[in-house]
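One letter stands for each residue in the lines below.
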Amino acid sequence: MRSNIYHTETKQYVVDCLKQQQAKALSVQDIMEYLQVHNSTANITTVYRILDKLESEHTVIKRIAEDGKKALFQYIIPEAGCMHHLHAQCTSCGKIIHLDCSLMEKVIQHISEEHGMQIVCSASLLYGICDECRKKQKDDTKEPRHI
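What comes next is a walk through the structure.

Calculation notes
- In this convention, every chain numbers its residues from 1, walking through the sequence in written order.
- Only residues with pLDDT of at least 70 are given local features in this predicted model, and only at 80 or more are side-chain atom pairs given and counted; all residues enter the totals for whole chains, interfaces and linings.
- Based on all heavy atoms of the structure, the side-chain values leave hydrogens and waters out of the count.
- By the criteria applied, helices consist of DSSP H or I runs no shorter than four residues and strands consist of E runs no shorter than two, each listed in order from the N terminus.
- By the criterion applied in these results, polar contacts are pairs of N or O atoms within 3.5 Å in which, for protein atoms, one can donate a hydrogen and the other can accept it, and in which residues neighboring in sequence qualify only through two side-chain atoms.
- Any two residues having at least one pair of non-hydrogen atoms within 4.5 Å are treated as being in contact.
- Where helices are involved, their axes are fitted lines through C-alpha atoms of the stretch in contact, as for all axes, and angles between N-to-C directions lie from 0 to 180°.
- In this scheme, roughly parallel covers angles under 35 degrees and roughly antiparallel covers those over 145, while 65 to 115 is roughly perpendicular and the rest are oblique.
- Here is the rule for handedness: rotate from the far helix to the near one, and if that takes an anticlockwise turn smaller than a right angle the crossing is left-handed, while a clockwise turn gives right-handed.
- Residue polarity follows a fixed list, in which Ala, Val, Leu, Ile, Met, Phe, Trp, Tyr, Cys and Pro are nonpolar, Asp, Glu, Lys and Arg are charged, and the others, Gly among them, are polar.
- Only when DSSP finds a minimum of two bridges between them are two strands counted as paired.

### Notes on the side chain of Gln74
Stage number 1. Along the chain, Gln74 falls in strand 3 (residues 71-75).
Stage number 2. Only 2.9 Å separates the side chain of Gln74 from the backbone oxygen of Gln22, close enough to count as a polar contact.
Stage number 3. Within the structure, Gln74 has its side chain in polar contact with the side chain of Arg63 (distance 3.4 Å).
Stage number 4. Not counting the four nearest positions on each side in its chain, Gln74 is found in contact with Gln22, Lys24, Ala25, Thr59, Val60, Ile61, Arg63 and Ile96.

### Describing the environment of Ala42
Stage number 1. Tracing the backbone shows Ala42 in the loop between helix 2 (28-37) and helix 3 (44-56).
Stage number 2. Separated by 33 residues in the primary sequence, Ala42 and Glu9 place their C-alpha atoms 9.6 Å from one another.

### So, the packing of helix 2 against helix 3
Stage number 1. Taken N-terminus to C-terminus, the directions of helix 2 and helix 3 make an angle of 115°; their axes are 11 Å apart at the nearest point. In terms of orientation, helix 2 and helix 3 fall into the roughly perpendicular class. Crossing of helix 2 over helix 3 shows right-handed handedness. On the side of helix 2, the interface is formed by Val28, Ile31, Met32 and Leu35, while helix 3 contributes Ile44, Val47, Tyr48 and Leu51.
Stage number 2. Taken together, the residues of the contact of helix 2 with helix 3 sort by class into eight nonpolar, no polar and no charged.

### Points about the environment of His85
Stage number 1. With respect to the helices and strands, the residue His85 is situated in the loop between strand 3 and strand 4 (86-90).
Stage number 2. Taking C-alpha positions, His85 is 6.3 Å from Leu99, a pair spaced 14 residues apart along the chain.
Stage number 3. Within polar-contact distance, the side chain of His85 engages the side chain of His87 at 3.3 Å.
Stage number 4. Of note is the side chain of His85, whose polar atom sits 3.0 Å from the side chain of His98.

### Observations concerning the sheet that holds strand 4
Stage number 1. Strand order in this open sheet of three strands is 5-4-6, and the pairing throughout is mixed. With one partner strand each, in any of the chains shown, strand 5 (96-99) and strand 6 (125-128) form the two edges of the open sheet. Taking the axes of each pair of neighbouring strands and ignoring which way they run, one obtains an average angle of 30° across the sheet.
Stage number 2. Here strand 4 pairs with strand 5 via four bridges, running antiparallel. What sits directly across from His87, in strand 5, is His98.

Listed below in structure tokens is the structure:
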């Protein structure tokens with residue numbers, strides 16, 4: 001009986017972690033650090049099982065990191081339609097932007113009709129640098145003023 005309680009508690013911690021950072025995709029290591037801060041003794045295998053279940057329930061989207069070396073997980077609200085529109089991720093801060101607009105729908109349709117490729121939105125991610133990070137980079141490159 002304790003096993004089910006433990007698993008349910010761990011699942012709630014995982015969901016809480018993902019919800020709190022839903023603007024980003026998190027690695028399993030990020031989630032493990034969150035669990036440790038909350039005094040959870042869950043092991044990495046349990047976390048992977050929970051993430052697989054959340055993915056099959058369409059509560060989480062699994063993505064591959066830009067470097068292709070690890071999986072990242074992002075909490076999604078089912079009503080947000082994340083399985084049906086594209087996303088862009090900032091390569092600097094990790095923020096994910098929903099590209100839920102008519103132009104992106106036209107791009108997806110164009111790729112399908114003109115190039116014969118069906119886009120899988122839940123697995124598709126465009127990379128770039130968000131406005132906040134571009135502004136920060138611009139501010140960092142400014143010369144200090146001498147008075």
